[in-house]
4 protein chains.
Amino acid sequence: MAVSLTRFGTFAPMQYTRVLASISGEPAMLVVMQSHATEEQVRAVCARIESLGLKAHPIPGAARTAIGITGNDGAIDLGVLESLPGVIECIPVSKPYKLVSRDAKQEDTVLRIPTPRGDVLVGGGNVAMVAGPCAVETEAQCMVIAEQVAKSGCRLFRGGAYKPRTSPYSFQGLGEAGLKILAKVREVHGFGIITEAIDNETLDLVEQYADVIQIGARNMQNFSLLKRAGRARKPVLLKRGMSATLDEFLMAAEYILSEGNYNVMLCERGVRTFSDFSRNTLDLAVVPAVKKRSHLPILVDPSHGTGKRHKVLPLSLAAVAVGADGLLVEVHHEPENALSDGVQSILPEEFAQLSVEVRQIAEVLHRHVN
Amino acid sequence: MAVSLTRFGTFAPMQYTRVLASISGEPAMLVVMQSHATEEQVRAVCARIESLGLKAHPIPGAARTAIGITGNDGAIDLGVLESLPGVIECIPVSKPYKLVSRDAKQEDTVLRIPTPRGDVLVGGGNVAMVAGPCAVETEAQCMVIAEQVAKSGCRLFRGGAYKPRTSPYSFQGLGEAGLKILAKVREVHGFGIITEAIDNETLDLVEQYADVIQIGARNMQNFSLLKRAGRARKPVLLKRGMSATLDEFLMAAEYILSEGNYNVMLCERGVRTFSDFSRNTLDLAVVPAVKKRSHLPILVDPSHGTGKRHKVLPLSLAAVAVGADGLLVEVHHEPENALSDGVQSILPEEFAQLSVEVRQIAEVLHRHVN
Amino acid sequence: MAVSLTRFGTFAPMQYTRVLASISGEPAMLVVMQSHATEEQVRAVCARIESLGLKAHPIPGAARTAIGITGNDGAIDLGVLESLPGVIECIPVSKPYKLVSRDAKQEDTVLRIPTPRGDVLVGGGNVAMVAGPCAVETEAQCMVIAEQVAKSGCRLFRGGAYKPRTSPYSFQGLGEAGLKILAKVREVHGFGIITEAIDNETLDLVEQYADVIQIGARNMQNFSLLKRAGRARKPVLLKRGMSATLDEFLMAAEYILSEGNYNVMLCERGVRTFSDFSRNTLDLAVVPAVKKRSHLPILVDPSHGTGKRHKVLPLSLAAVAVGADGLLVEVHHEPENALSDGVQSILPEEFAQLSVEVRQIAEVLHRHVN
Amino acid sequence: MAVSLTRFGTFAPMQYTRVLASISGEPAMLVVMQSHATEEQVRAVCARIESLGLKAHPIPGAARTAIGITGNDGAIDLGVLESLPGVIECIPVSKPYKLVSRDAKQEDTVLRIPTPRGDVLVGGGNVAMVAGPCAVETEAQCMVIAEQVAKSGCRLFRGGAYKPRTSPYSFQGLGEAGLKILAKVREVHGFGIITEAIDNETLDLVEQYADVIQIGARNMQNFSLLKRAGRARKPVLLKRGMSATLDEFLMAAEYILSEGNYNVMLCERGVRTFSDFSRNTLDLAVVPAVKKRSHLPILVDPSHGTGKRHKVLPLSLAAVAVGADGLLVEVHHEPENALSDGVQSILPEEFAQLSVEVRQIAEVLHRHVN
């Protein structure tokens, strides 16, 4: 694996040397044999493992044998062992992600997002508030909302110029015209801008106009787009897919880092479950779970995560209390006229009240809101 | 529906008169016809509706007709309309729960749990802390844990004498001997006691020894047990089933209220999803969702909800921040020796720290911890 | 573990001696250490394992160590190892079920259900058709349906006298009067009778009147009821819970076998997922999965599994094609007047057509329909 | 909505005129008011509806009022009504898809896939077998597999040249070299070729080399790619996303049709659920559900749908029995050496046996295997 090391990362390539050296030294898998498996079958499985350049460690039990494997470099699909005679199942042991892992870098990554009024920090005790409309509709709309959320101390602005919509007949966003409005919001109000790219072409434009490139939930496994984002010179906000496991989520980030862009922040926005009273099920436990495994910061989007205005405020507070490194909140001054997702947007005055309470809860946790 | 009105409820039967009168007056269902449906088919569906003693309200559109229905008393299965010619689907409109609904009682229910040291309030701004081991193992174990959590100000003690275990070969609890230990914990440390009943026989005993009867997640739709709990003279803590929708959860509570016991508190403990990094997915958005629909208090159990010690603390804080009326936390002084669920129990000193932070966050929300 | 061996099982106790001897001889778990774990931490984990009476097998890798464990007797909760310093996670290896496993008994279990017209076989190539209404409503209703499905060659009749309903205001079944009607159906038409018990009291009655005791999905982890069913002298049909994993499903059956009743057949009836176009998601892959792990027969209930009449027929054929040992189908001659679940019942003439196609598909698989 | 009508569709544009005319005439939503809603609130909601250019139909009940809406053109987000005072919830009534719907075209669409040996039909009683390796690895590999599956009568060949892989360190496919190998398979063995495109650039190439363009599950909501596929001059096979609802699945197809390409076949490949014994949960009920709502053919991929070789064969038979219009099966002559997904590939001789049984089951259903 030839990793092209970072061009502009917030931490030095040096920190990665250990992981690059150790990738091939972990116990990678456990092969469990049937209780009737013959010694010959066990030997055949071991031979097959060794033929793959790996090392086999049989663990005989009174009733059944298991075989540990070390030396996997992560790129070989070991599932094939499962089809050998006498094998019941193969249990993966080592985690597949490398660069995003705390094994690769123990301290928290702190992202530094440049804005006209100085850098905004995300991660390592810094909690970021990101607010704005679901979709950029008009310059007037954005300016009104920007002015009001700025008063609450918010320094990062969000808004979609390219909208992935379930229906081809729904409003699809203003495109580059929307990006220009966002650039004007930055200029006038001093915000850092976060907006979504939906394919390689739009990513080129977003990289040019915005400060943070958002990859949406539906594109979390659009690997072509992830690789392109990994070659971008701007930080990336990666949203969790609607049915992504934690490993898949971290592996999607790994795609970006493996191309050389280490400036990645994750974002939980709810997963899809049977539970039908809210649009998605906000999986807040993913925050401590990510922090245990990875050095990357993780934000929470309670607007998409719940889909209903009256749930956004309590879930925002819960997200800060669980340790999230920031919030993405949809704010609209006239939600009943919004072209998209008005039903989950809160009012600027609700955002102002939220900002106060977020600061109070962050203080309980000895964290600092930007 | 003859509801035997409460014997010892915290609010007067009077409040229910309105709902009892109005149960049969709501638009109950919408029948959507195919775009090719003939007028004759529409008339036939209307006639069928009227033959059921209901009222049909056709809403003709340019392309397709829908038919609203009023007058359902909630006991008739209207699904049968779906099989009539020309019908695409039937969409239920009115909610099936009555007594648990805010329509029946607008103000929050505040439960009053009697303990040797005075009543503990739950609901209506009162946040309750409930702590103790997963399973009652020995008197010594319970006394040690009780003494330590009492120091943190905790006044409600939990611990299982009857344990529903996935395997018949796992520890199943001490039974009545465990209940006697819990009674001694009450006597010595002044706690109110919450413990689980798993069938009608054990409910008789739990009602005798404990202050709150717990119905576990696996029994949330054990309707025979719910009815028995509805005839009990003690408050009931009802846990959400692993795959229960919000409506099913509230309907399970409705079973208890419909038998005359209005002293019910709900408890979210995580639902089952594809997400595999934690034992369950804690669905905190259910807290504001319940509060919108029902007057009953709702607690959160972050121990079962996450299944891992390092997630219990952050999720506890999140649960209070989202507005839960209390926490059920598993505490064990020697989790590595616990007979059950040690891996999700926190230490007494962790609980002490948690209690401090819970109070601070409750204060931000202008709520009061008992 | 003292297993009281079967009183009336279809296979001899002898076959179980091997499993009883070997329960304590399997590699039971793999403990994965952190990459920074010290040798001392590894030694401490090994010592803890040995102190539990088990054997530790360290597998050192270049980057990280894993520790295999053998000697687990299945009754100790090993999760506690996860809280020791230096441990990342514990991965269970051996399966928790014993008596239901193919390790315990390699050949298929064939159940023999006695009826007035001779035994009906289920399992081992014998496909059983079970038909009848969702709920027993009147004697006339049951007799009409019974007469018609008998004409299609059906020999097992189903119908609920005790109905677990989401709402306390829905029809709850006729109770013992319903059981008497079913007994009459047996007498007049020569059927074997399958009906559900919902608690210990109703199980006593069902055991007395019926030929097969059904445990419904909502009670799959009502362990008190499972133990009672394990002491019954009639075969048991155990439905999979709405969110039961395969292991939990098999462990629920293990509860019944562990009490001495080996005459158990499983039944898939759909699981709860995000997919909202059908009442449940019928998980047909569970059929080959059960057959790989267990000797018990497994049936499929496409009526509850889909919840819509037009899906029952195609899913019935699919269930037979996937290798199910039988079908439970709801049949009603007047589904639009059914008191329960009419929308998922098929007509007797549809059942007749289904029976013909089921026979044809079973023939392709060299299986025989009873 | 200006739909550019098909350039090369298998059915005439004429058939769509009705739906284009009627899109704005359906009852689109039902607004349910609170039981305490005032008459003024009801009037305000009606006024708001009319101000959106729609028509309001109040349905007063004794306890609560509901308001039907007609005249929605599908492009307006009505969720905003939910935030008006007195409103409890908005229930969507009409389905959002138009061109894929049976309302738009009643008879089954039959796709005609050109191959060197004549057209292969898919849909309308024609069952298609598609076989080949997960990934194109070498020309030799493809030729061996192609020769063997051709002997079983298979006429459509599948194999990935671009592989979306969870890990950036896994084999990503041969790219255009792989497409050239597939073109050679077509030439030598007379197959029609189906292969996946993962972004706009690869779609250009796939369109050039293959006969059917596959859009994979992870890209089901990559709307940019769907629109590009809608402008392609080749048929499209669209796989269901891992957590896609039926409506989302059909709306993704609608994106393709709305750009003018009506030659779309759908493919169920398993959804993500809590059920952990198989890689995905194959949701076979989606087949009759699609057929009820849409005229498009739907295939099943039991290889990805189960992820285990021993489940592929029974689930393939089940898919044909449930009425699928075809199967996509991974076949590999040396699965233990496959670079990708060997564990779910079946052997050519297993495929031969499968083909025989598929034909027999199709015959029971009066369907014809190509």
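Treat the numbers as computed from the prediction; the structure is a model and nothing was measured. Think of each chain on its own: its residues are numbered from 1, step by step along the sequence as written. Working convention: letters from A go to chains and numbers from 1 go to ligands, in the order in which they are written. Totals for whole chains, interfaces and linings use every residue, but because this is a predicted model, local features are given only for residues with pLDDT of at least 70 and side-chain atom pairs only at 80 or more, for both listing and counting. Note that the side-chain values use all heavy atoms of the structure and ignore hydrogens as well as water.

Student: What's the story with the overall build of chain A in this structure? I'm lost.
Tutor: Each helix corresponds to a stretch of at least 4 residues labelled H or I by DSSP, and each strand to a stretch of at least 2 residues labelled E; elements are numbered beginning at the N terminus. Broken down by element type, chain A carries eleven helices and 15 strands. In chain A, which comprises 370 residues, the proportion classed as buried is 69%. Each accessible area is a Shrake-Rupley result for a 1.4 Å probe, and residues are judged covered by the shown protein chains and nothing else. Only carbon and sulfur atoms are counted for the fraction: they give 51% of the accessible area of chain A, which is about 11400 Å². Residue exposure (1.4 Å probe, protein chains only): buried if accessible area is under 20% of the type maximum, exposed if over 50%, otherwise partly exposed.

Student: Looking at this structure, I do not really get the interface of chain D and chain A. What am I missing?
Tutor: A common way to express how large an interface is: the accessible area buried when the components associate. A contact between two residues is defined here by any heavy atoms of the two lying within 4.5 Å. Listed per partner, the contact involves 51 residues of chain D and 50 residues of chain A. Put simply, buried area is the surface a 1.4 Å probe can reach on two separate parts but cannot reach once they are joined, added for both. Of the roughly 4100 Å² buried between chain D and chain A, counting both surfaces, carbon and sulfur atoms make up 49%. Each salt bridge in this description consists of a side-chain nitrogen of Lys or Arg and a carboxyl oxygen of Asp or Glu lying within 4 Å of one another. Put simply, chain D and chain A have two salt bridges between them. For D:Glu248, the salt bridge identified is with A:Arg272, shortest N-O distance 2.6 Å. Counting of polar contacts relies on pairs of N or O atoms within 3.5 Å, with two restrictions inside protein: one atom must be capable of donating a hydrogen and the other of accepting it, and residues adjacent in sequence are counted only when both atoms are side-chain atoms. Summed over the shared surface of chain D and chain A, the result is 19 residue pairs in polar contact (both at pLDDT 80 or more). Broken down by secondary-structure element, the contributors of at least two residues to the side of chain D that touches chain A are helix 5 (200-209), helix 6 (223-230) and helix 7 (246-258) of chain D. Residue contributions to the side of chain D that touches chain A peak at five residues, all from helix 7 of chain D. Under the scheme applied here, ten amino acids are nonpolar (Ala, Val, Leu, Ile, Met, Phe, Trp, Tyr, Cys and Pro), four are charged (Asp, Glu, Lys and Arg), and all others, including Gly, are polar. Broken down by class, the residue content of the side of chain D that touches chain A amounts to 18 nonpolar, 17 polar and 16 charged.

Student: Got a minute to help me understand the relation of the copies chain D and chain A in this structure?
Tutor: Between the two copies of the chain lies a relationship made up of a rotation around an axis and a movement along it. Alignment of copies: least-squares fit on C-alpha atoms of residues with pLDDT of at least 70 in both copies. In screw terms, the move from chain D to chain A is a rotation of 180 degrees and a rise of 0.0 Å along the axis, fitting with an RMSD of 0.1 Å. This pairing of chains is accounted for by a two-fold axis. Distance from the rotation axis, computed per C-alpha, reaches its smallest value in chain D at D:Ser243: 3.0 Å. A symmetric contact is evident, with 98% of the interface residues of chain D recurring at the interface of chain A.

Student: What should I look at first to understand the packing of helix 5 (residues 200-209) of chain A against helix 6 (residues 223-230) of chain A in this one?
Tutor: Packed helix pairs are specified by the crossing angle of their axes together with the interaxial distance, meaning the distance between the axes. Residues and elements named next belong to chain A. Look at helix 5 against helix 6: their axes get within 10 Å of each other, and the N-to-C directions meet at 25 degrees. Taken together, the axes of helix 5 and helix 6 lie roughly parallel to each other. For the pair helix 5 and helix 6, the crossing hand works out as right-handed. Contact with helix 5, carried on its side by Asn-200, Leu-203, Asp-204 and Glu-207, involves Ser-224, Leu-225, Arg-228 and Ala-229 of helix 6 and no other residues of that element. Axes here mean lines fitted to C-alpha atoms, for a helix over just the part in contact, with angles spanning 0 to 180 degrees between N-to-C directions. Angle categories: roughly parallel below 35 degrees, roughly antiparallel above 145, roughly perpendicular from 65 to 115, and oblique for all the rest. If you view the pair so one helix is near and one far, a crossing is left-handed when the near helix is turned anticlockwise from the far one by less than a right angle, and right-handed when it is turned clockwise.

Student: Any chance you could explain the pattern of salt bridges here in plain terms?
Tutor: Side-chain pairs of opposite charge can arise whenever the charged atoms involved come near each other. Inspection of the entire model under this criterion finds 60 salt bridges over all chains. The salt bridge partner of B:Arg240 is B:Asp283, with a shortest N-O separation of 2.9 Å. Of this pair, B:Arg240 sits in the loop between strand 11 (236-239) and helix 7 (246-258) while B:Asp283 is found in the loop between strand 12 (264-268) and helix 8 (286-293), placing the two residues 43 residues apart along the sequence. The residues B:Arg240 and B:Asp283 share a single accessibility class, namely buried. The closest approach of N and O atoms between C:Asp108 and C:Arg102, which form a salt bridge, is 2.7 Å.

Student: Can you walk me through the state of the cysteines in this structure?
Tutor: Put plainly, a disulfide is one covalent bond tying together the sulfur atoms of two cysteines. Note on terminology: pairs of cysteine sulfur atoms within 2.5 Å are recorded as disulfides. Summed over the entire model, instances satisfying the criterion amount to zero disulfides over all chains. Between A:Cys142, a free cysteine, and A:Cys134, which holds the nearest cysteine sulfur, the sulfur-to-sulfur gap is 11 Å.

Student: Would you mind going over the environment of B:Asp119 with me for this structure?
Tutor: Residue and element names in this part refer to chain B. Its location among the elements puts Asp-119 in the loop between strand 5 (111-113) and strand 6 (120-122). A C-alpha to C-alpha distance of 26 Å links Asp-119 and Ile-198, two positions 79 residues apart in sequence. Beyond its immediate chain neighbours, meaning those up to four positions away, Asp-119 contacts Arg-112, Ile-113, Pro-114 and Arg-155.

Student: Explanation requested: the side chain of B:Ser152 in the structure shown.
Tutor: All names here are of chain B. Mapped onto the fold, Ser-152 is located in the loop between helix 3 (139-151) and strand 8 (156-158). With a relative accessible area of 14%, Ser-152 lands in the buried category. Beyond its immediate stretch of four places on either side in the chain, Ser-152 contacts Phe-351, Ala-352, Ser-355 and Arg-359.

Student: Mind showing me how you'd approach helix 3 (residues 139-151) of chain D here?
Tutor: Residues separated by three or four positions in an α-helix point in the same direction, a consequence of the helix having 3.6 residues per turn. Residue and element names in this part refer to chain D. Expected helix span is taken as 1.5 Å per residue step, with the number of steps being one fewer than the number of residues. Look at helix 3: 18 Å from first C-alpha to last across 13 residues, which is about the 18 Å you get at 1.5 Å a residue. All of the buried residues along helix 3 are Gln-141, Cys-142, Met-143, Ile-145, Ala-146 and Val-149. Residues of helix 3 that are buried make contact with strand 7 (126-132), strand 8 (156-158), helix 4 (176-189) and helix 11 (348-364). Gly-153 occupies a position one or two residues after helix 3 and carries a positive phi of about 95 degrees.

Student: Sorry if this is basic, but what is going on with unusual backbone geometry here?
Tutor: The general pattern is negative phi for most residues beyond glycine and trans for most peptide bonds. Residues and elements named next belong to chain B. Non-glycine residue His-366 carries a positive phi angle of around 60 degrees. Structurally, His-366 can be placed in the loop between helix 11 (348-364) and strand 15 (368-369). Under the relative-accessibility criterion, His-366 is labelled exposed at 74%.

Student: What should I look at first to understand the packing of helix 10 (residues 309-321) of chain D against helix 11 of chain D in this one?
Tutor: Residue and element names in this part refer to chain D. Interaxial distance between helix 10 and helix 11 falls to 9 Å at its minimum, and their mutual angle equals 20 degrees. Between helix 10 and helix 11, the interaxial angle falls into the category roughly parallel. In this structure, the crossing between helix 10 and helix 11 has a hand that is right-handed. Residue-level inspection shows Arg-309, Leu-313, Ser-316, Leu-317, Val-320 and Ala-321 of helix 10 in contact with helix 11, the latter providing Glu-350, Leu-354, Glu-357, Val-358, Ile-361 and Ala-362.

Student: Any chance you could explain the pairing of strand 9 (residues 192-196) of chain C here in plain terms?
Tutor: Two faces belong to every sheet, and in a regular strand the side chains alternate between them. All names here are of chain C. Burial within strand 9 is extensive, with five of its five residues counted as buried. Both faces of strand 9 are covered, namely the face carrying Gly-192, Ile-194 and Glu-196 and the face carrying Ile-193 and Thr-195. By the bridge criterion, three bridges tie strand 9 to strand 10 (residues 212-215) in an arrangement that is parallel. Note that in strand 10 the partner of Glu-196 across the bridge is Gln-214. Assignment of crossover handedness uses the view with strands pointing away from the viewer, where a clockwise path from the first strand over the helix to the second indicates a right-handed crossover. Running through helix 5 (residues 200-209), the crossover from strand 9 to the neighbouring parallel element strand 10 is right-handed. Two strands pair under a simple rule: DSSP has to find at least two bridges between them.

Student: In this structure, what is going on with the packing of aromatic side chains? I would like to understand it.
Tutor: Each aromatic ring pair is characterised by the separation of its centres together with the angle its planes make. Residue and element names in this part refer to chain A. Ring geometry is summarised as follows: Phe, Tyr and Trp rings, the Trp one being its six-membered ring, pair when their centres sit within 6.5 Å, and such pairs are stacked at plane angles under 30 degrees, edge-to-face over 60 and tilted between the two. Under the defined criterion, the tally for this structure stands at eight aromatic pairs over all chains. Ring centres of Phe-157 and Phe-191 lie 5.3 Å apart, and the angle between their planes is 50 degrees; this geometry places the pair in the tilted category. Of this pair, Phe-157 sits in strand 8 (residues 156-158) while Phe-191 sits in the loop between helix 4 (176-189) and strand 9 (192-196), placing them 34 residues apart in sequence. The burial state of Phe-157 is the same as that of Phe-191; both residues are buried.

Student: I would appreciate a short explanation of the confidence of the model for chain A in the present structure.
Tutor: The predicted coordinates ought not to be read in detail in places where the model reports low pLDDT. Mean pLDDT over chain A: 86, with 88% of residues reaching 70 or higher. Scored as a whole, the predicted complex attains pTM 0.85, and scored at its interfaces, ipTM 0.83. Predictor confidence is given residue by residue as pLDDT, running from a minimum of 0 to a maximum of 100.

Student: What is the right way to look at the environment of D:Leu54 in this model?
Tutor: Residues and elements named next belong to chain D. Considering the arrangement of structural elements, one finds Leu-54 in the loop between helix 2 (39-51) and strand 2 (55-60). Judged by its relative accessible area of 5%, Leu-54 falls in the buried class. Placed 298 residues apart in sequence, Leu-54 and Ala-352 show a C-alpha to C-alpha distance of 58 Å.

Student: Can you help me understand the side chain of A:Thr109 in this one?
Tutor: All names here are of chain A. Mapping Thr-109 onto the fold places it in the loop between strand 4 (87-92) and strand 5 (111-113). Judged by relative accessible area, which is 1%, Thr-109 ranks as buried. Engagement of the side chain of Thr-109 in a polar contact is seen with the side chain of Lys-105, the distance being 2.6 Å.

Student: Could you clarify how one ought to interpret the environment of C:Pro85 in this entry?
Tutor: Residues and elements named next belong to chain C. With respect to the secondary-structure elements, Pro-85 resides in the loop between strand 3 (65-70) and strand 4 (87-92). Under the relative-accessibility criterion, Pro-85 is labelled exposed at 55%. As for Pro-85 and Glu-334, which are separated by 249 residues in sequence, their C-alpha atoms are 65 Å apart. Aside from chain neighbours lying at most four places away, what touches Pro-85 is Met-33, Gln-41 and Val-45.

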